[in-house]
Amino acid sequence: MRRGEKEDSGSNNKISIQEKMQIEGKYRLFFNSMTEAAIVHRLVYDDKGEPIDYRIVDVNPAYEQIFGIKYKDVVGKLATEVYNTPTPPLFDIYINVVRTGNPISFEYYFPNLKKNFFISSFHTDGDEFVSIVTDITEIERERAKNRHLYSILEAIRNVNQLITRIKTKKELIEQACEKLQKAKGYNAVFIFLFDESGNIELSAKAGLDEKYSKLIELKKNGYYPPCIIKALEEKNIFHTKKTPTFCGDCLFAQLYAASNIIVSPLIHNNRLYGLLEISTNIESPEYSIDEEKLIEEISGDIAFAIHSIEINEERERAEEELKRQKEFSDRIIQTSNAIIVGLD
């Protein structure tokens, strides 16, 4: 009751037709002004009294924008008709809402629309229930992107731990591939190292089985796909979606499925040590500048590690040669001493 409004004891429980119309008008204004989709449903039963579908009774304008379906094409129709599904979407959840009267909120991915929703549903009257739907597709994409980037950061930390303890190039690139392939969204990782003549010296992979030998054979025979050629020419990370326009009849594209290809040169002090190649799956988040920076970082770390291993190998060879020369000199001295003693 508004302040200053007198209470009529004889009619305080009665609502006039005019007041009802005002309430309905306010409800309709609120309903139509919502930025969330609002849907009024009613359960439909078979002859045995079992729920078999639900009918869409009303929707607001935001529903048309979010779902992309016109008011006239949805109101009065069954959910299975509107959404073209064999069973009504979220049917068990909605039945429970009507039977128990308990409201519920949850997130849901709708495959037909390729959208993520946050849905709140509650029982209103009889067999009717209402769903308030918020489109959180962009929010979920951002979440997926952050999860993906975090998994790459984890992979970088794991690879950097390898760098401090691994002493051979072969072991380094094999374990680096395994760590990187565990990053969310990556279905295959390759590392190729070149010798001083530019030929493949060593290779490693993770996430690819029998096709791998064919890829290596092609590369050793001098066949490089357009993505690798581009990265080598520019000496910079290169990313492309797998498309007929760019990939054409590329043998690599035919050998494995991927939605994106990322090729990053392994460069340290302007020397090209090899290539890091990553193929992503269809569910992988959209490629971003943040991901590119992380891949550049790990590529630089691997190149530096290979450089350090080669320096250590060179030092060990030099030490071994010095040791060999010393042993040779010692033998000469010993022989010379023996000859002198014999002459005496």
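Note that the structure is predicted; figures quoted are calculated from it, not measured.

Bringing the pairing of strand E4 (residues 115-123) into the picture now. Bridge count between strand E3 (residues 104-110) and E4: seven bridges; the pairing is antiparallel. Across the sheet, the residue bridging to Tyr 108 is Phe 117, located in E4. In this structure, the hairpin formed by E3 and E4 is closed by a connection of four residues, where Lys 114 is found at a positive phi of approximately 55°. As defined by bridge partners, E4 adjoins strand E5 (residues 128-135) across seven bridges and the pair is classed as antiparallel. Bridging from a neighbouring strand, Phe 118 pairs with Thr 134 of E5.

Formed by 34 residues in total, the largest nonpolar core has its most connected members in Ile 191, Leu 266, Leu 276, Ile 295 and Ile 302. It is helix H11 (residues 289-343) that contributes the most residues to this core, eight residues altogether. Setting aside residues no more than four positions away along its own chain, Leu 266 makes contact with Ile 191, Leu 193, Arg 271, Leu 272, Tyr 273, Gly 274, Leu 275, Leu 276, Ser 299, Ile 302, Ala 303 and Ile 306.

This part covers the confidence of the model for the protein. For the protein, per-residue confidence averages 81 on the pLDDT scale, and 78% of positions sit at 70 or higher. In the model, residues 1-11 has pLDDT below 50 throughout and makes three contacts with residues more than four positions away in sequence or in other chains.

An order of E2-E1-E5-E4-E3 is seen for the five strands of this open sheet, with the pairing classed as antiparallel. Two strands in the sheet have a free side with no partner beyond their single neighbour: strand E2 (51-59) and E3. With direction set aside, neighbouring strand axes in the sheet form an average angle of 35°. Of the strands in this sheet, strand E1 (37-45), E2, E3, E4 and E5 are in contact with helix H4 (residues 91-100), which crosses E2 at around 80°. In the packing of helix H5 (residues 137-163) onto the sheet, the strands contacted are E3, E4 and E5, and the crossing angle to E4 comes to about 125°.

Turning our eyes to something else, we now look at the pattern of salt bridges. Per the stated rule, a full pass over the model turns up 14 salt bridges. The partner of Glu 128 in a salt bridge is Arg 42, with the nearest N and O atoms 2.8 Å apart. Residue Glu 128 is found in strand E5, and its partner Arg 42 is found in strand E1; the two are separated by 86 residues along the sequence. Residue classification places Glu 128 among the partly exposed positions, given a relative accessible area of 21%. The class of Arg 42 is partly exposed, set by a relative accessible area of 36%. In this structure, Lys 169 and Glu 310 form a salt bridge, with 3.0 Å as the shortest nitrogen-oxygen distance. Taken together, the positions of Lys 169 in helix H6 (residues 169-181) and Glu 310 in helix H11 put the pair 141 residues apart, joining distant regions of the chain. A relative accessible area of 17% places Glu 310 in the buried class. When salt bridges with common partners are traced through the structure, they connect Glu 107, Glu 140, Arg 143 and Arg 147 into a single cluster.

About the thresholds
In every chain, residue numbers begin from 1 and rise along the written sequence. With pLDDT at 70 or above as the cut-off, local features in this predicted model cover only qualifying residues; side-chain atom pairs require 80 or more to be listed or tallied, and sums for whole chains, interfaces and linings still use all residues. Excluded from the side-chain calculation are hydrogens and water; included are all heavy atoms of the structure. Two strands make a pair as long as DSSP finds a minimum of two bridges between them. In this text, helices come from DSSP runs of H or I with a minimum length of four residues, and strands from runs of E with a minimum of two, each type numbered from the N-terminal end. Put simply, buried Ala, Val, Leu, Ile, Met, Phe, Trp, Tyr and Cys residues joined by side-chain atoms within 4.5 Å make one nonpolar core. Each residue is placed in one exposure class: buried if its accessible area under a 1.4 Å probe, protein chains only, is under 20% of its type's maximum, exposed if it is over 50%, and partly exposed if it falls in between. In this analysis, two residues are considered to be in contact whenever any of their non-hydrogen atoms come within 4.5 Å of each other. Note: pLDDT gives the predictor's confidence per residue, expressed from 0 to 100. Axis definition: a line fitted to C-alpha atoms, limited for helices to the stretch in contact. Angles are taken between N-to-C directions and run from 0 to 180 degrees. Definition used for salt bridges: Asp or Glu carboxyl oxygen within 4 Å of a side-chain nitrogen of Lys or Arg.

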